[in-house]
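Tertiary structure, described
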Amino acid sequence: MDVLPLHPKLVHLPIALAVLMPLISVALLAAWRRQWLPRRVWIVAVALQAVLVISGIAAIRSGGAEEERVEKVVAEAVIEAHEEAAEAFVWAAAVVLVLALGGALMPDERTARSLAAAATAGTLVVLFLGYRTG
């Protein structure tokens, strides 16, 4: 029988995506800018960023549900700091998602690329916040 709480299982997806998104975003943006791939390929970055946000929310909720159990072993102040860092991580990921979505939907090509570049830079911030959360 599996006794590992749900939260440690769920956090792996958003953290893995936080590590991969800077690489994926740079590659997709470069391919788009050099016209190796069509503009619509940017939707891959949008979809993966959405998965990061949704899985991050699920991880936060599972952590909150298991908080009482963990407080028996870990100091409450440490848990609260972890929770606050996780919330900052997910909020930043959501901002990056909005920027990436703007890059996908903006009709003006120059503005779309600028938004995609801002989203790509934002993935580095999300990576840092994910590291800090862990």
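Residue positions within a chain follow its written sequence, with the count starting from 1. Residue-level local features of this predicted model are given only where pLDDT is at least 70; pairs of side-chain atoms are given and counted only at 80 or more, and the full residue set underlies all totals for whole chains, interfaces and linings. Remark: hydrogens and water are excluded; side-chain values derive from all non-hydrogen atoms of the structure.

1. Focus: the packing of helix α5 (residues 76-105) against helix α6 (residues 109-133)
Packed helices, taken two at a time, are described by their axes: the angle between them and the distance between them. Put simply, the test is: To get an axis, fit a line to the C-alpha atoms, keeping to the stretch in contact for a helix; angles then go from 0 to 180 degrees between the N-to-C directions. Elements are defined by DSSP. Helices are runs of H or I of four residues or more, strands are runs of E of two residues or more, and each kind is numbered from the N terminus. When describing relative orientation, an angle under 35 degrees is termed roughly parallel and one over 145 degrees roughly antiparallel, while 65 to 115 degrees is termed roughly perpendicular and anything else oblique. Helix crossings get a hand from a simple test, with the near helix turned counterclockwise from the far one by less than a right angle marking a left-handed crossing and a clockwise turn marking a right-handed one. Should any heavy atoms of two residues lie within 4.5 Å, those residues are counted as being in contact. The nonpolar class holds Ala, Val, Leu, Ile, Met, Phe, Trp, Tyr, Cys and Pro. Asp, Glu, Lys and Arg form the charged class, and all remaining residues, Gly among them, are polar.
Contact geometry of α5 with α6 gives a least axis separation of 8 Å together with a crossing angle of 165°. As the angle between them shows, α5 and α6 are arranged roughly antiparallel. Crossing geometry of α5 relative to α6 is assigned as left-handed. Of the residues in α6, those in contact with H82, A85, A86, A88, F89, A92, A93, V96, L99, A100, G102 and G103 of α5 are A112, L115, A116, A118, A119, G122, T123, V126, L129, G130, R132 and T133. Taken together, the residues of the contact of α5 with α6 sort by class into 16 nonpolar, seven polar and one charged.

2. Remarks on a nonpolar patch on the surface
The line we're drawing: Nonpolar side chains (Val, Leu, Ile, Met, Phe, Trp, Tyr) are joined into patches within 5 Å and like charges within 9 Å, using only residues with over 30% relative accessible area and no salt bridge. Here the open area of atoms and residues is found with the Shrake-Rupley method and a 1.4 Å probe, where only the protein chains shown may cover a residue. The rule for a salt bridge is simple: a side-chain nitrogen of Lys or Arg has to be within 4 Å of a carboxyl oxygen of Asp or Glu.
Nonpolar side chains collect at one region of the surface, where I15, V19, L20 and L23 lie side by side and expose about 340 Å² of accessible area between them. Tracing the backbone through its elements, the reader meets I15 in helix α2 (residues 12-33).

Honestly, it's all geometry; don't read function into it.
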